[in-house]
Each structure stands twice: as structure tokens, then as C-alpha cells.
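For reference, the chains in residue letters:
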Amino acid sequence: GPGPGRLPAGEEGPVEGGPPDHSYSLSSGTTSEELLRKLNEQRDIIALLEVKMKEMKGSIRRLRLAEAQLREEIREKDRLLHAASAGTRKRHGL
């Protein structure tokens, strides 16, 4: 495999003088105004992601509750089926 500090085969680092490889990469001539704008954009994205995460946590919680209720219903129906089938066997002498 690759030695320490080396990238695995097929993966190369950024090319010197090439375009930035990420949307958050900055050129060396970036002004403080551009930096501030990019920072604010990133903050907006993070805030949006935090809201989405909270929504997803709520959805997961609701799904877990629904799953628990469904499992309980299944257990109850299984008990009723077993009780009914045991009663049928006794009546018919099986």
C-alpha cells in the first residue's frame, strides 16, 4: 500500500496552478469582503443543516414510536392467534 504521507493509487492532490478543487477553496487574491461573504454563506448553510437535522431527529423519533406501536399490535395479534388455535385444538381433540 501507499507509504506514510502518500495518497492511495489513483488519488492525486490538487494540481499546482489549477482551479480550486472545492467550492470553499479560495484564491490567494481574495478580498476581506469576499471572505466575509463566503463566511456568511457557510453560516447560512450550517444553520439550514441544523434545522434539517432537528427535523430528521423528530421524524426518527416519530418513526420509532410508530414502530413500537406496530410491534405491540403484532404481539397482541400473535397472542390472540395462539390462544384461538390452542382453543380449536382442544375442542377437536387434537
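Look a little higher up for the structure.
Each value, and the rule that gives it
- Just so you know, the residues in each chain are numbered from 1, in the order the chain's sequence is written.
- Given that this is a predicted model, residues contribute local features only at a pLDDT of at least 70 and side-chain atom pairs are listed and counted only at 80 or more, while totals for whole chains, interfaces and linings are drawn from all residues.
- Hydrogen atoms and water are omitted, and side-chain values are computed over all heavy atoms in the structure.
- Numbering of helices and strands starts at the N terminus; helices are DSSP runs of H or I of at least 4 residues and strands are runs of E of at least 2.
- Working definition: with a 1.4 Å probe on protein chains only, accessible area under 20% of the residue-type maximum means buried, over 50% means exposed, and in between means partly exposed.
- Each accessible area is a Shrake-Rupley estimate made with a 1.4 Å probe; only the visible protein chains count as cover when residues are assessed.
- Only one rule defines a salt bridge in this text: a Lys or Arg side-chain nitrogen within 4 Å of an Asp or Glu carboxyl oxygen.
- Patches in this entry comprise residues that are over 30% relatively accessible and not in a salt bridge; like charges within 9 Å are linked, as are nonpolar side chains (Val, Leu, Ile, Met, Phe, Trp, Tyr) within 5 Å.
- When charges are counted, neither His nor the chain ends are considered; positive counts come from Lys and Arg and negative counts from Asp and Glu.
- Working definition for charges: the position is that of NZ of Lys, CZ of Arg, CG of Asp or CD of Glu.

Chemist: Even after reading the chapter, I still don't get the overall build of the protein chain, so can you show me in this structure?
Modeler: Secondary structure assignment for the protein chain yields one helix and zero strands. Across the 94 residues in the protein chain, those meeting the buried criterion constitute 1%. Summed over its atoms, the accessible surface of the protein chain is roughly 9000 Å², and 59% of this surface lies on carbon and sulfur atoms.

Chemist: Explain the pattern of salt bridges to me, please; I cannot follow it from the model alone.
Modeler: It is possible for side chains of opposite charge to pair when their charged atoms get near one another. Applying the stated criterion across every chain yields a total of five salt bridges. Note that Glu 41 and Arg 37 form a salt bridge whose closest N and O atoms lie 2.8 Å from each other. Highlighted residues: Glu 41 and Arg 37, both in helix α1 (residues 32-91), separated by four residues, approximately one helical turn. When its relative accessible area of 36% is taken as the criterion, Glu 41 is described as partly exposed. Note that Arg 75 and Glu 72 form a salt bridge whose closest N and O atoms lie 2.9 Å from each other. Of this pair, Arg 75 and Glu 72 both sit in helix α1, three residues apart, roughly one helical turn. For Glu 72, a relative accessible area of 36% corresponds to the partly exposed category. Shared partners join several salt bridges into a network, and the residues in it are Glu 72, Arg 75, Glu 76 and Arg 79.

Chemist: Got a minute to help me understand a positive patch on the surface in this structure?
Modeler: Among the surface-exposed residues, Lys 54, Lys 57, Arg 61 and Arg 62 lie close enough to one another that they form a single positively charged patch. Relative to the helices and strands, Arg 62 is located in helix α1.

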